[in-house]
Amino acid sequence: MTTLDLTKLPDHLKSQRWFSGKAWPIKQVSVVDHANLDATPCNLSLAVVEVVYELGQPERYLLPVKPSTDGIKDALEDDGCLRALFDLIRDGAQIPSASGRVVGEWIGGPEGLLGLPSPIPVRRLLVEQSNTSVVLGEKVIVKIIRKLEAGVNPEYEVGRFLATRTSFRATPVLLGALRLEGAAGATLALAHRFVPDSVDGWKYTLERMRQARPVGDRFLSEMEELGARLGDLHQAFGSAPLDDTAFAPEPLLQEDLQRWSASIVGELGVTLAEAGRLHADLEGRRERLVEYAKRLAQVTPSGQKIRIHGDLHLGQVLRANDQWLIFDFEGEPARSFTSRREKYSPLRDVAGMIRSFDYAEATVALEGGTPRGRVGPSRDAFLSGYRKATQGAAFLPSDDAAFDTMLRAFELEKLLYEVRYEMANRPDWVRIPVEALMRMEEGQ
Ligand SMILES: Nc1ncnc2c1ncn2[C@@H]1O[C@H](COP(=O)(O)OP(=O)(O)O)[C@@H](O)[C@H]1O
Ligand SMILES: O=P(O)(O)O[C@H]1O[C@H](CO)[C@@H](O[C@H]2O[C@H](CO)[C@@H](O)[C@H](O)[C@H]2O)[C@H](O)[C@H]1O
């Protein structure tokens with residue numbers, strides 16, 4: 001039995017940055033599964049706790065803990081425990097839990113361990129995140145997932161697919177994972193190759209856009225390269241064999257286009273109802289915006305649905321050694337795993353990245369900088385790189401008009417998501433997607 005003092009759990013959870021239920025009264029917390037790793041130097045226990053709220057859906061969290069005389073001690077504060085957790089992954093360990101088992105999996109081969117000293121130095125990542133990431137020996141980054149979801153974790157599934165079934169390497173390769181099997185099954189941790197001296201694409205682009213001079217050829221060729229890497233990623237997804245049902249491309253059907261179109265029209269209704277109170281002029285544009293969504297249903301279907309990144313923006317790419325790497329394949333956090341694993345039009349990823357260029361320019365303007373018309377050239381360069389890398393690909397629509405109509409509809413979909421995301425998280429930023437919606441209505 002775990003030694004967790006259940007009476008202390010609600011207060012402990014509420015004091016953790018990664019706990020997303022801080023605002024809601026907790027009715028009950030229980031341990032739904034746990035595994036004790038007594039043999040490890042730190043006496044690590046992995047507990048999965050379920051939080052039932054007075055209102056709303058229950059949530060599950062992973063609590064790596066160690067014995068302590070003064071309450072609950074987070075084991076991830078202890079370097080020895082972090083090393084022990086990594087050992088489970090590296091050794092492919094199998095440890096029984098109360099109602100299943102904890103399974104480590106190493107797919108990085110012996111070369112994935114090259115250069116790791118002993119004991120492995122541990123460095124915690126000082127970034128705002130809803131999980132906990134640590135860098136081991138500057139070679140491996142382990143993300144311990146805090147909020148657990150049942151089902152197949154898309155970041156694990158996609159990382160594994162790319163590493164083992166494709167030659168796509170413009171990504172920090174997945175090295176291994178820790179999973180809990182059984183009734184409370186979930187992915188608990190992921191280990192990727194750490195990319196030293198990298199900067200994320202958002203910071204990188206902002207820095208470029210803050211500079212007073214107009215966009216130069218170098219910047220545009222970097223954007224073209226970014227488009228090409230996304231094209232390569234989609235080619236890798238598109239290469240999945242038929243017997244790999246989770247990844248095999250499927251023909252795009254009229255009913256897919258109709259379903260996506262109807263969903264965007266629905267999202268438009270919900271989003272304008274919420275945002276229209278603050279931005280009254282949006283309401284008058286509804287009909288024109290609905291048109292963009294409806295045109296999607298009228299496209300003659302061609303091309304395929306494939307697995308996609310699903311939440312692509314500049315914060316999901318890294319720049320290192322003059323190369324772009326695409327990472328974080330977990331999809332949009334607000335969607336369920338099932339919906340994130342659906343096959344979709346690859347143009348949804350293209351639209352996500354294009355929206356990010358507008359965000360970067362708008363952010364520079366919010367900081368007091370002068371907008372310098374960089375979105376159009378960046379978008380063109382990115383699209384040109386993408387089109388070259390995907391020339392003749394079976395997953396793309398067969399004609400340019402369909403490509404443009406679909407891309408426009410997915411840009412609208414992303415804009416609506418962004419309006420809702422900003423209202424909930426960064427109200428000062430809502431004007432970025434709202435202003436883009438207004439411009440879209442004006443046909444720009
Ligand atoms: N393989 C990697 N190499 C270098 N830095 C990384 C790597 N993976 C993630 N990071 C850094 O860690 C941050 C958080 O990683 P991420 O996977 O996005 O975590 P979360 O999903 O919890 O937000 C990223 O913004 C990036 O700066
Ligand atoms: O970081 P996540 O993958 O969880 O993505 C969420 O947060 C993003 C903000 O961090 C949000 O992205 C939006 O803002 C970005 C600038 O901060 C911009 O580059 C993106 O284009 C814009 O969509 C993302 O939508 C949300 O899912």
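The rules behind these values
Residues numbered from 1 in each chain as written. Chains lettered and ligands numbered in written order. Predicted model: local features only at pLDDT ≥ 70, side-chain atom pairs only at ≥ 80, totals over all residues. Near = placed C-beta within 6 Å. Nonpolar A, V, L, I, M, F, W, Y, C, P; charged D, E, K, R; others polar. Domains from an automatic or database assignment. Helix = DSSP H or I, 4+ residues; strand = E, 2+ residues; numbered from the N terminus. Expected span 1.5 Å × (residues − 1). Buried ≥ 20, exposed ≤ 12 C-beta atoms within 10 Å, placed from the backbone. Axes fitted to C-alpha atoms, helices over the stretch in contact; angles between N-to-C directions. Left-handed = near helix turned anticlockwise from the far one by under 90°. Contact = placed C-beta atoms within 7 Å. Pairing = 2+ DSSP bridges.

A. Main features of the site of ligand 1. In the neighbourhood of ligand 1, 17 residues make up the surrounding shell, with Gln129, Asn131, Pro172, Val195 and Asp328 lying closest. Looking at the shell around ligand 1, its residues break down into seven nonpolar, six polar and four charged. Of the residues that make up the shell around ligand 1, three or more belong to each of domain 1 (8–193) and domain 2 (199–438).

B. Quick look at helix 5 (residues 217–238). Compared with the 32 Å implied by 1.5 Å per residue over 22 residues, the 31 Å span of helix 5 between its first and last C-alpha is a close match. Where burial is concerned, most of helix 5 is hidden: 16 out of the 22 residues are buried.

C. Summary view of the packing of helix 6 (residues 254–275) against helix 12 (residues 400–425). Axis separation between helix 6 and helix 12 bottoms out at 10 Å; the angle between their running directions is 35°. Here helix 6 runs over helix 12; the crossing is left-handed. Side by side, helix 6 and helix 12 meet where Ser261, Ile264, Glu267, Leu268, Thr271, Glu274 and Ala275 of the first sit next to Ala409, Leu412, Glu413, Leu416, Val419, Arg420 and Met423 of the second. For the contact of helix 6 with helix 12, the per-class residue count stands at eight nonpolar, two polar and four charged.

D. Examining the pairing of strand 1 (residues 26–37) more closely. Bridge analysis of strand 1 against strand 2 (residues 44–53) gives ten bridges, and the strand direction is antiparallel. Its bridge partner being in strand 2, Ile26 is matched across the sheet by Tyr53. Taken together, strand 1 and the strand that follows it, strand 2, pair antiparallel across an intervening segment of six residues, in which Asn43 is found at a positive phi of about 55°.

E. How the structure looks around the domain arrangement of the protein. Taken domain by domain, the protein holds domain 1 (8–193) and domain 2 (199–438). In this structure, domain 1 and domain 2 have C-alpha centres spaced 30 Å apart. Classifying every residue of the side of domain 1 that touches domain 2 gives eight nonpolar, five polar and three charged.

F. Main features of the sheet that holds strand 6 (residues 100–106). Spatially, seven strands are ordered 5-6-11-12-9-8-7 in an open sheet, and the strand pairing comes out antiparallel. Lying at the two open borders of the sheet, with one neighbouring strand each, are strand 5 (94–96) and strand 7 (122–124). Averaged over neighbouring strand pairs, the angle between their axes works out to 15° when direction is ignored. In the sheet, strand 5 pairs with strand 6 via three bridges, with the strands oriented antiparallel. Along strand 6, the bridge assignment pairs Pro96 with Arg101.

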